Amino acid sequence: MPRQCNICQTARAIIRRPKTGQRICKECFFHVFETEVHHTIVDNRLFKPGDRIGIGASGGKDSTVLAYVMKTLNERYGYGLELFLLSVDEGISGYRDDSLETVKRNQQQYDLPLKIVSYEQLYGWSMDSIVETVGRKNNCTFCGVFRRQALDRGALMLDLDHIVTGHNADDIAETILMNVLRGDIPRLGRCTDIVTMGDGYIGRSKPFKYAYEKEIVMYAYLKRLDYFSTECTYSPNAYRGYARQFLKDLEAVRPSAIIDIIHSGEAMKVAGNVKLPTMTSCERCGYISSNSVCKACVLLEGLERGVPKMGIAKVSKQAEHDGLDGARRGKAVEPVHFEKLREKALEIRKQRMLDATGSCSKDTRHCECTGDSCQ
């Protein structure tokens, strides 16, 4: 005999929630999933009315569901947000070019503005050319570092206040496990934060922090959302894949393992006598960094100088010296300094306020307006 929904007690249950074990109907599943994300947003005060929010859009299930849910909740609860889709083109043939077609369809389906920034445009290198140079062993290091910075660059181009990403509970639990296994204390101390600061100015948050990946897949399937499901060409050898498999094995034995690991990570505190890196700005590009030169600039330098393992492995002094003394390859481009991007974003904001109200916004950080409203 078909089971009734544990919530409404009328409709037939078609889903057993991985997180709670509840058997519920389709409509109740939509309601509880969206309501939980809403509570995550409200309880953590992720946004304020008028914020310009960039949704990190890859075309995959997580970002597609995030875009749909953010638009739905913004309209339902009157958040007063201005939403944008922000995509990064890493330059992976047969993967990212296809997934970006999905993003472009999402842009039409959800009626949201779309901005695409590319590695080729920002750094002068595509992932295909990087992998051709460094091989497949450490390519994810390059991609992760460049993507984080590319999102912040795109956000400044759009003058956004905040970026949201589709990182779910499974992703966060995997990251905790990886940082424990690597003994990475600085990252372990902040990887469970629901809000982090990207370039030091623009917040980045995870509205799906407590949403299980299986439920996101169910939501996308039942809503018949248009998303791209092919795995990245270069990811099979990624370290994260081993943590993911371990987590799945744990979940099979104990379904609450994912959320338990997150709560354990949240409860961890770094001892006061542990010396943590001091954050500063990269002297080359202005991006937030714990060193005088940020990871992205070090990796680009290695690519350009012919020492691609700079920044990801111990390179012999002689090899590094030979590479640094060698001729530049001329492929890399010098990324625009973040301070220039911030100044441009400020100009865009001031112009937008002038167009809307006829006066400059008083909340700008470095207003040089001579208008009556700012004096």
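Residues numbered from 1 in each chain as written. Predicted model: local features only at pLDDT ≥ 70, side-chain atom pairs only at ≥ 80, totals over all residues. Heavy atoms only, no water.

> How should I be thinking about the packing of aromatic side chains in this particular structure?
Each aromatic ring pair is characterised by the separation of its centres together with the angle its planes make. Considering all chains together, one arrives at 15 aromatic pairs under this definition. Relative to tyrosine 219, the ring of phenylalanine 30 has its centre 5.5 Å away and its plane inclined at 75 degrees; by these criteria the two rings are edge-to-face. Of the two residues, phenylalanine 30 sits in helix 1 (residues 26–43) while tyrosine 219 sits in helix 9 (residues 213–222), which places them 189 residues apart along the sequence. Grouping residues by exposure puts phenylalanine 30 and tyrosine 219 together as buried. In textbook terms, an aromatic cluster arises when at least three aromatic residues are bridged by ring pairs, as seen for Phe29, Phe30, Phe33, Tyr68, Tyr110, Phe208 and Tyr219. Over the aromatic face of phenylalanine 30 sits the side chain of lysine 223, whose NZ or CZ is 4.3 Å from the ring centroid. (Phe/Tyr/Trp six-rings, centres within 6.5 Å; stacked < 30°, edge-to-face > 60°. Helix = DSSP H or I, 4+ residues; strand = E, 2+ residues; numbered from the N terminus. Buried < 20%, exposed > 50% of the residue type's maximum accessible area, 1.4 Å probe, protein only. Lys NZ or Arg CZ within 6 Å of the ring centre and 35° of its normal.)

> How should I be thinking about the pairing of strand 5 (residues 114–118) in this particular structure?
Successive side chains on a regular strand alternate, one facing one side of the sheet and the next facing the other. Note: strand 4 (residues 82–89) against strand 5, 5 bridges, orientation parallel. Looking at strand 5, one finds that leucine 85 is bridged to leucine 114. (Pairing = 2+ DSSP bridges.)

> What's the story with the environment of aspartate 159 in this structure? I'm lost.
Relative to the helices and strands, aspartate 159 is located in the loop between helix 6 (139–157) and strand 6 (162–164). When the C-alpha atoms of aspartate 159 and arginine 349 are compared, they prove to be 6.7 Å apart, with 190 residues separating the residues in sequence. Contact partners of aspartate 159, with chain neighbours within four places excluded, come to Arg52, Ala345, Ile348, Arg349 and Arg352. A distance of 3.0 Å separates the side chain of aspartate 159 from the side chain of arginine 349, its partner in a polar contact. (Contact = heavy atoms within 4.5 Å. Polar contact = N/O pair within 3.5 Å; in protein donor to acceptor, adjacent residues only side chain to side chain.)

> Could you clarify how one ought to interpret unusual backbone geometry in this entry?
A negative phi angle characterises most non-glycine residues, just as the trans form characterises most peptide bonds. Positive phi, normally seen in glycine, also occurs at arginine 45, with a value near 50 degrees. With respect to the element layout, arginine 45 can be found in the loop between helix 1 and strand 3 (52–56). Residues other than glycine seldom take positive phi values, yet aspartate 111 does so here, at roughly 55 degrees. Relative to the helices and strands, aspartate 111 resides in the loop between helix 3 (96–110) and strand 5. Assessed through its relative accessible area of 63%, aspartate 111 is described here as exposed.

> Would you take a moment to explain the pattern of salt bridges for this structure?
Note on pairing: side chains with opposite charge can pair once their charged atoms come close. This model, assessed by the stated rule, comprises 26 salt bridges. Residue aspartate 51 is joined to lysine 48 by a salt bridge in which the shortest nitrogen-to-oxygen separation is 3.1 Å. For glutamate 251, the salt bridge identified is with lysine 214, shortest N-O distance 3.6 Å. Taken as a pair, glutamate 251 in helix 10 (residues 239–253) and lysine 214 in helix 9 lie far apart in primary sequence, 37 residues in all. Note on glutamate 251: relative accessible area 8%, which makes it buried. Within this structure, Arg17, Lys19, Glu36 and Glu215 form a network of salt bridges that share partners. (Salt bridge = Lys/Arg side-chain N within 4 Å of Asp/Glu carboxyl O.)

> Quick question: what am I supposed to make of the side chain of lysine 61 here?
Tracing the chain through its elements places lysine 61 in helix 2 (residues 61–77). One polar contact links lysine 61 to glutamate 213, side chain to side chain, over a distance of 3.1 Å. Residues within four places of lysine 61 in sequence aside, it is in contact with Glu213, Ile216, Val217, Tyr227 and Phe228.

> Just to check I follow, could you spell out the sheet that holds strand 6 for this structure?
In any sheet, the strands associate via hydrogen bonds between backbone groups, in a parallel or an antiparallel arrangement. Within the open sheet, the 6 strands sit side by side as 5-4-3-6-8-7. Their pairing is mixed. Two strands in the sheet have a free side with no partner beyond their single neighbour: strand 5 and strand 7 (195–197). Strand-to-strand, the axes of this sheet are offset by a mean angle of 30 degrees, without reference to chain direction. As paired strands, strand 3 and strand 6 are joined by 3 bridges and run parallel to one another. Paired with glycine 54 across the strands is isoleucine 163, a residue of strand 6. Each of strand 3, strand 4 and strand 6 is contacted by helix 2, which is oriented at about 155 degrees to strand 3, the strand it contacts most. The sheet strands contacting helix 3 are strand 4 and strand 5, and the helix crosses strand 4 at an angle near 165 degrees. (Axes fitted to C-alpha atoms, helices over the stretch in contact; angles between N-to-C directions.)

> Explanation requested: helix 2 in the structure shown.
Side chains that are three or four residues apart share a direction in an α-helix, a result of its 3.6 residues per turn. With 17 residues, helix 2 ought to run about 24 Å at 1.5 Å a step, and its terminal C-alpha atoms sit 24 Å apart, in line with that. If you check which residues of helix 2 are buried, you get Lys61, Asp62, Ser63, Thr64, Val65, Leu66, Ala67, Val69, Met70, Thr72, Leu73 and Asn74. Downstream of helix 2 by a residue or two, glycine 78 has a phi angle that is positive, lying close to 65 degrees. (Expected span 1.5 Å × (residues − 1).)

> Explain helix 7 (residues 169–182) here, please?
Taking 1.5 Å per residue as the helical rise, helix 7 with its 14 residues ought to reach 20 Å, and the 20 Å between its terminal C-alpha atoms agrees with that figure. Here helix 7 lies mainly inside the structure; 11 of its 14 residues are buried. Buried within helix 7 are the following residues: Ala169, Asp170, Asp171, Ile172, Ala173, Glu174, Thr175, Ile176, Leu177, Met178 and Asn179. For helix 7, the side-chain oxygen to backbone nitrogen distance between the N-cap and aspartate 170 is 3.0 Å, and the N-cap itself is asparagine 168.

> Any chance you could explain the nonpolar core here in plain terms?
What tends to happen in soluble globular proteins is that the nonpolar side chains get buried as a cluster. Core analysis: the biggest nonpolar cluster contains 42 residues, and Tyr119, Met127, Ile130 and Phe146 have the highest contact counts within it. For this core, the secondary structure elements donating two or more residues are strand 4, helix 4 (119–123), helix 5 (127–134), helix 6, helix 12 (295–305) and helix 14 (338–357). Ranked by residue count, the leading element in this core is helix 6, at 8 residues. Setting aside its immediate chain neighbours within four residues, phenylalanine 146 contacts Tyr119, Tyr123, Ile130, Ala296, Leu299, Leu300 and Leu303. Judged by nonpolar contacts, the second largest core, of 38 residues, contains Ile53, Leu66, Val69 and Met70. (Core = buried A, V, L, I, M, F, W, Y, C linked by side-chain atoms within 4.5 Å.)

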